[in-house]
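Understanding the architecture of this molecule
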Amino acid sequence: MKDAQPGAIYLKDYQAPDYWIDKTELSFDLGENETRVTARLQIRLNQDRHDRQLPPLVLHGNADMTLAEVKVDGVALSADQYTLTSETLTLPVSSDRFETEIVSVLAPQDNTSMEGLYKSGGMYCTQCEAEGFRRITWYLDRPDVMSLFTTRITADKAKYPVLLSNGNCIEQGDTGDGRHTMVWEDPFRKPAYLFALVAGNLAHVEDTFTTQSGRNVTLQIFTESHNITKCDHAMRSLKQSMRWDEEVYGREYDLDIFMIVAVDDFNMGAMENKGLNIFNSSCVLARPDTATDATFQRIEAIVAHEYFHNWSGNRVTCRDWFQLSLKEGFTVFRDSEFSADMNSRTVKRIEDVNHLRSAQFAEDAGPMAHPVRPSSFIEISNFYTLTVYEKGAEIVRMIHNLVGREGFRKGSDLYFERHDGQAVTCEDFVRAMEDANSIDLGQFMRWYTQAGTPVLDVTDSYDADNQRYVLEVTQSCPATPGQDVKEPFHIPLAIGLLSSEGDNLPIGDKGQTTVVLEVREASQQFVFENRIERPLPSLLRGFSAPVKLNYDYSRDDLLFLMRHDDDGFNRWDSCQRLATETILDLVRDIQAAKPLSLDTRLIEAWRELLEDETADKAMVAEMLTLPSEQWLSEQMAVIDVYAIHEAREFVRGELAKSLSEPLQSIYRGLAVEKPYKPESADIAERQLKNICLGYLMELDSPAMLSLAETQFQNATNMTDQMAALSCVINGAHQTAPGKAETLLSAFHDQWKGDANVMDMWLSVQVSGARMGSLERVKQLMEHPVFDYRNPNKLRSLIGVFCMRNLKCFHDLSGEGYAFLADNIIRLDKQNPQIAARMLTPLTRWRRYDDQRGALMKAALERIQANELSKDVFEVVNKSLA
Ligand code: BES
Ligand code: ZN
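Read on for a plain summary of the structure. (Residues numbered from 1 in each chain as written. Chains lettered and ligands numbered in written order. Predicted model: local features only at pLDDT ≥ 70, side-chain atom pairs only at ≥ 80, totals over all residues. Heavy atoms only, no water.)

This part covers the side chain of S763. Following the sequence through the fold, S763 ends up in helix α19 (residues 755-766). Engagement of the side chain of S763 in a polar contact is seen with the backbone oxygen of S796, the distance being 3.2 Å. With residues near it in sequence (within four places) discarded, S763 still touches S796 and V800. (Helix = DSSP H or I, 4+ residues; strand = E, 2+ residues; numbered from the N terminus. Polar contact = N/O pair within 3.5 Å; in protein donor to acceptor, adjacent residues only side chain to side chain. Contact = heavy atoms within 4.5 Å.)

Once that is clear, we can look at the site of ligand 1. Around ligand 1 lies a shell of 15 residues, among which E129, G269, E272, E306 and Y389 are the nearest. At a separation of 3.5 Å, a nitrogen atom of ligand 1 approaches a polar side-chain atom of K327. In isolation ligand 1 exposes 520 Å². Once the protein is present, 87% of that is buried. Elements with a minimum of two residues in the shell around ligand 1: β20 (270-271), α2 (293-308) and α3 (324-342). In terms of residues, the shell around ligand 1 owes the most to one element, α2, which gives 3 residues. (Near = heavy atom within 4 Å. Areas by Shrake-Rupley, 256 points an atom, 1.4 Å probe, with all protein chains shown as cover.)

Moving on, we get to the coordination of the zinc ion (ligand 2). Protein-derived coordination of the zinc ion (ligand 2) comes from H305 (NE2), H309 (NE2), E328 (OE) and E328 (OE), at a distance range of 1.9 to 2.7 Å. Taken together, the 6 donor atoms surrounding the zinc ion (ligand 2) define angles of 54 to 162 degrees at the centre, an arrangement classified as irregular. We note that the donor set of the zinc ion (ligand 2) lies within a single chain, spaced as H-x3-H-x18-E. A residue pair is termed long-range when its members are at least 10 positions apart, and H309 in the loop between α2 and β22 (317-318) and E328 in helix α3 qualify at 19 residues. (Donors = N, O, S within 2.8 Å, 3.2 Å for Na, K, Ca; no water. Tetrahedral: all angles 85-135°; square planar, octahedral: opposite > 155°, others 65-115°.)

Now for empty space enclosed by the protein. Enumeration according to the criterion identifies 4 cavities of 30 Å³ or more in this entry. Quantified by volume, the largest cavity comes out at close to 100 Å³. L539, Y553, N570, D573 and R577 are, among the 14 residues lining the largest cavity, the residues nearest its centre. Among the elements of the structure, β30 (536-539), α8 (555-564) and α9 (568-591) are those that each provide at least two residues to the lining of the largest cavity. Broken down by element, the residue count for the lining of the largest cavity peaks at 4 residues, all from α9. Considering only residue class, the lining of the largest cavity consists of 8 nonpolar, 3 polar and 3 charged. As a volume, the second largest cavity reaches approximately 40 Å³. Forming the walls of the second largest cavity are T223, E224, N227, A262, V263, D264, S281 and L285. (1 Å grid on protein atoms, 1.4 Å probe; cavity = no way out; pocket = protein on both sides within 12 Å on 5 of 7 lines; lining within 4 Å. Points joined across faces, edges and corners; volume = space filled by probe spheres on them. Nonpolar A, V, L, I, M, F, W, Y, C, P; charged D, E, K, R; others polar.)

Moving on, we come to the pairing of strand β9 (residues 97-106). Across the 10 residues of β9, 7 count as buried, placing the element largely inside the fold. Bridge count for strand β3 (residues 35-45) against β9 is 10 bridges, and the pairing is antiparallel. Of the residues in β9, the one forming a bridge with T38 is V103. One ladder, built from 6 bridges, connects strand β5 (residues 66-72) with β9; its direction is antiparallel. From the neighbouring strand, V70 faces β9, where its bridge partner is I102. (Buried < 20%, exposed > 50% of the residue type's maximum accessible area, 1.4 Å probe, protein only. Pairing = 2+ DSSP bridges.)

Written out as structure tokens, the structure reads:
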């Protein structure tokens, strides 16, 4: 009984709730065929909204739940005394304080959506953000309703020896019939989306942490017992996060126990439930032989992220879901600063900006573009986006840069103190920053309300007679759905000026070489006096604002900045611009059927990078990585998938041929056996080594191929083993065509028992064009390791193929599009959230040539013709609008 046409919900319609829920007592009776949930709620009228009348109580629910019993103040209601629809339960009210008792019956074993209560492997678990709690019981499932929870769990003792929920365990015992019970009490008021329950046969590791005020906290990580050796890294990351939040934000953990549970079936990466975080196993389990450096670093970041939510999200939460970036943008900013402090700050910044510019900019330019604080949605799950997260974090970073580190700390202290225990808005966050620093961020608020990526066009002029240098900055922002005209943004533009000798000139009043210009007008001039020569500007240092910046650099300017800019981020960015322009030139040559030749300046720049023995290896590795096909696509008015792929491959081949010697010498220098440590210096060495190996594979030489094979066979860590496998799969070795298959099957035999490693085995085969045909994807869907019900498997195989293997997905036959449409239609019935997410590549149909555009549109229309979830309905309809 779905709505024929799901409607939108608007921020402007927000109203505080009619009732509050002071206490929530839950009791779960977990059974193989049915699970009974009894919810006793202490309810109180919201006097601020109603002083005399008592409106009926409208609780949220879901059609998959059966209502078994409703009592008000101990008296059972008959069916004619309440109103039940697929999404609500309406109860009559006759007093401003009362207690309800509602029994709902669920079938978690049949719940494939992974929202609410469901089973993963043999265990029960929950996912309640954003609106999953209403699949467990009828409730005021909105984040501004905060309640004290106690949870009683009863289950078979042999099958489910571990029973967990939020807070502290206050009671446990056997019930005599082979079942047992545990009762948990959470002393902090929380919205229902932070509720969690886990029941299963789980092993755990345990540690303790002493807080800065001297309290001891028990830390536990739970997994199935065969993965118990993979918890150390997450535990170390957790302790580092707890220490960091005390040192940098003065925030201490508030319960006596903090638990993490790893589950194999999870729609997202991880969830910050109070005191009981639930993690996708791929985001918590790691051992040197099973996880790559990238995974180790992701785990460190996600453990930190979810832990940091304890303050930015849980103690201070969101008033409504439009404010999602209040907790997510701020917490992403916090976790990225944590990672920067634990590893290399510049490299972390490069990675984050690269991700933002290639993926969030594309979102901002597409049909799903929305402000960091959206003003309407049909399905909130569709708004856990790069815009809310990554662009939201950039907004917080800009505030940080505007008020400075100490000013920011004053602002965050005020925010946490002022709003502890409350559900608040993005304005409340910004106001705390303003009040603590006596500044006005009124214009700055437009970053939350206007969608689209602002563009800065910068020109300069030099007046030799007056020794005056002038930067002229013009800002604009393209129209986005529902927003044709934009007001100017308040943009912090960090810049430096370089002399012709390559010196970074002092320009600030204290002799600093970087200053922040505050751009506020549509067009603005910045004047620099006493300049004895025309400088070369280094613009948007550290990517000080999430904008596109145009300045007419020559290729020689870019080479000069690569060598001399004292801003590490901009050295990398100049290198990226140089490579991007070079590749886009070749794209035009391909389109004009001209012979290809590579600008030798790129080769010489790469040679210089390779031969500089003093250079930071992590930086060299980042700079030697060519811009991705996604990023190059973003740069074209009409995306030419084949030409981009061919041009980029051509550049890789030419670089490999011209630089074969330095590449080999670096490779051999770094290919030395040493014990694995997931630390930044070692990670950088492995990364650089493996990038060199990747280039060397372009040479189609048996000697190079055997380097990779040897590395594969001798590897004692997954980073080196996976890199070698990937190099062979994606390499150009016509001389030994069967090698990739041989290594793939050896890898499969070695790791077939490890679900997370098998995810990587699926991805590596289909992420590149040389091996990853649609045929192979379809074959792998029949392979025993593939499981259509498991989100990680779907993402690793179908998601990676459609989002990363652009050449094959966008095959002119349209078969890739038809394949994706078939799967969206099938998946929508099973798991709407994942279906809607996987739809993203088709939504960009307007960016391609007419032929592809028409095929993609037809695939969307075919999906549209089905009875759809709200999730997929919203994305399909907005894409076609
Ligand atoms: N609160 C989210 C998890 C979530 C998102 C649950 C959407 C339900 C719906 C969590 O804090 C989060 O943001 N997780 C991220 C990882 C993080 C490091 C950005 C994720 O799961 O991808
Ligand atoms: Zn989060």
